[in-house]
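As a plain string of letters, each chain reads:
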Amino acid sequence: MALGALLLLVIGAPVAGWVGGSIADDALQRSVRAQHQERHPVEAVVVGRVPGRERYGGDPEGGSERAARVRVVASWQAPDGSPRTGEVATASGPGVPGSSLRIWTDAAGLPVPPPMDGRAARSHAVLGGIGTFLLAAGCVEAGRRAVVGHMVRQRYARLDREWAAAGADWGRAGTGG
């Protein structure tokens, strides 16, 4: 039992982690490509700042961007050429009216978060692989403990039966046993 569990921990769990990470990486890289096809960078012109609308932290899909995000009102052209105006987030500061900033839009010209970059996707896949490895290792250990516990309970039950069959006088002098 110990040898089987050891082999599964040394060979099986890393293989499971590698396969899980590879599957996650393939899916995330497809998602990155799809986001880059669906989202388009557009130059927008800042119209003004939206008061009191500051938030901290980057977009969870946006990679390593961690600067304070400021909401501004900007105008830009949609892919079909129609003018658009709306609130967008910028990390480049408060945005002086008339200044240019890069935003991402979808096919309809609506602002969307920037697409995930390949490095962020790879990092997520590595974490997924590590999680798969840990889950597989935990399952192997839980299975090993369950089997060993069952074996110990069977051994004690057999010992109890043998003790009962020997009788209460087993080992006493002069009892004839």
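All figures in this text were calculated on a predicted structure; none of them were measured in a lab.

About the criteria used
Residues numbered from 1 in each chain as written. Predicted model: local features only at pLDDT ≥ 70, side-chain atom pairs only at ≥ 80, totals over all residues. Heavy atoms only, no water. Helix = DSSP H or I, 4+ residues; strand = E, 2+ residues; numbered from the N terminus. Expected span 1.5 Å × (residues − 1). Bend = angle between axes of the 7 residues up to and from the residue. Contact = heavy atoms within 4.5 Å. Core = buried A, V, L, I, M, F, W, Y, C linked by side-chain atoms within 4.5 Å. Buried < 20%, exposed > 50% of the residue type's maximum accessible area, 1.4 Å probe, protein only. Axes fitted to C-alpha atoms, helices over the stretch in contact; angles between N-to-C directions. Parallel < 35°, antiparallel > 145°, perpendicular 65-115°, else oblique. Left-handed = near helix turned anticlockwise from the far one by under 90°. Nonpolar A, V, L, I, M, F, W, Y, C, P; charged D, E, K, R; others polar. Salt bridge = Lys/Arg side-chain N within 4 Å of Asp/Glu carboxyl O. Pairing = 2+ DSSP bridges. Patch = residues over 30% accessible without salt bridge, like charges linked within 9 Å, V, L, I, M, F, W, Y side chains within 5 Å. Areas by Shrake-Rupley, 256 points an atom, 1.4 Å probe, with all protein chains shown as cover.

Visitor: How should I be thinking about helix α1 (residues 2-38) in this particular structure?
Guide: The α-helix winds at 3.6 residues per turn, so residues separated by three or four positions along the chain end up facing the same way. Here α1 is 37 residues long and its end C-alpha atoms lie 52 Å apart, about the 54 Å a rise of 1.5 Å per residue gives. Its axis deflected by about 35° at Leu9, α1 carries its strongest bend there. Check the buried side of α1 and you find it contacts α2 (118-166).

Visitor: How should the nonpolar core be read in this particular structure?
Guide: Nonpolar side chains in soluble globular proteins tend to be buried together. In this structure, Val42, Ala44, Val46, Val70, Val72, Ala74, Trp76, Val88, Leu101 and Ile103 together form the largest nonpolar core, which totals 10 residues. Elements with a minimum of two residues in this core: β1 (40-55), β2 (69-77) and β4 (100-105). Looking at this core, the element that brings in the most residues is β2, giving four residues. Setting aside residues no more than four positions away along its own chain, Ile103 makes contact with His40, Pro41, Val42, Ala44, Trp76 and Val88.

Visitor: Whenever I open this one, the packing of α1 against α2 confuses me. Can you help?
Guide: The packing of two helices is summarised by the inter-axis angle and the distance between the axes. Closest axis-to-axis distance for the α1/α2 pair is 7 Å, and the angle between their directions is 150°. As summarised for this structure, α1 and α2 are arranged roughly antiparallel, according to the angle between their axes. Taken as a pair, α1 and α2 cross one another with a handedness that is right-handed. Taken together, the residues that form the contact of α1 with α2 break down as 15 nonpolar, eight polar and three charged.

Visitor: Just to check I follow, could you spell out the pattern of salt bridges for this structure?
Guide: Should the charged atoms of two oppositely charged side chains come close, the side chains can pair. Under the definition given, this model contains four salt bridges. Asp25 serves as the salt-bridge partner of Arg122, at 3.1 Å between the closest nitrogen and oxygen. Of this pair, Arg122 sits in helix α2 while Asp25 sits in helix α1, placing them 97 residues apart in sequence. Shared partners join several salt bridges into a network, and the residues in it are Glu141, Arg144 and Arg145.

Visitor: Would you mind showing me how to read the pairing of β2 here?
Guide: Each regular strand carries side chains that alternate between the two faces of the sheet. Bridge count between β2 and strand β3 (residues 83-90): eight bridges; the pairing is antiparallel. From the neighbouring strand, Val70 faces β3, where its bridge partner is Thr90.

Visitor: For this particular structure, what's the right way to read α2?
Guide: For α2, spanning 49 residues, the distance from its first C-alpha to its last is 72 Å, which sits close to the expected 72 Å at 1.5 Å a residue. Buried within α2 are the following residues: Ala120, Ala121, Ala125, Gly129, Ala136, Ala137 and Val140. Where α2 is buried, its residues meet α1. One or two residues past the end of α2 sits Gly167, with phi positive at roughly 90°.

Visitor: What exactly am I supposed to notice about the environment of Ala74 here?
Guide: Looking at the element boundaries, Ala74 is found in strand β2. Ala74 gets classed as buried once you look at its relative accessible area, which sits at 0%. Along the primary structure Ala74 and Glu43 are separated by 31 residues, whereas in three dimensions their C-alpha atoms are 9.8 Å apart. Beyond its immediate sequence surroundings of up to four residues, Ala74 is in contact with Ala44, Val45, Val46, Val47, Arg84, Thr85, Gly86, Val88 and Leu101.

Visitor: Would you take a moment to explain a nonpolar patch on the surface for this structure?
Guide: Together, Leu3, Leu6, Leu7, Leu9, Val10, Ile11, Val15, Trp18, Val19 and Ile23 give the surface a local cluster of nonpolar side chains, amounting to about 1000 Å² of exposed area. Among the secondary structure elements, Leu7 is positioned in helix α1. A residue is classified by how much of its surface remains accessible, and Leu7, at 45% relative accessible area, is partly exposed.

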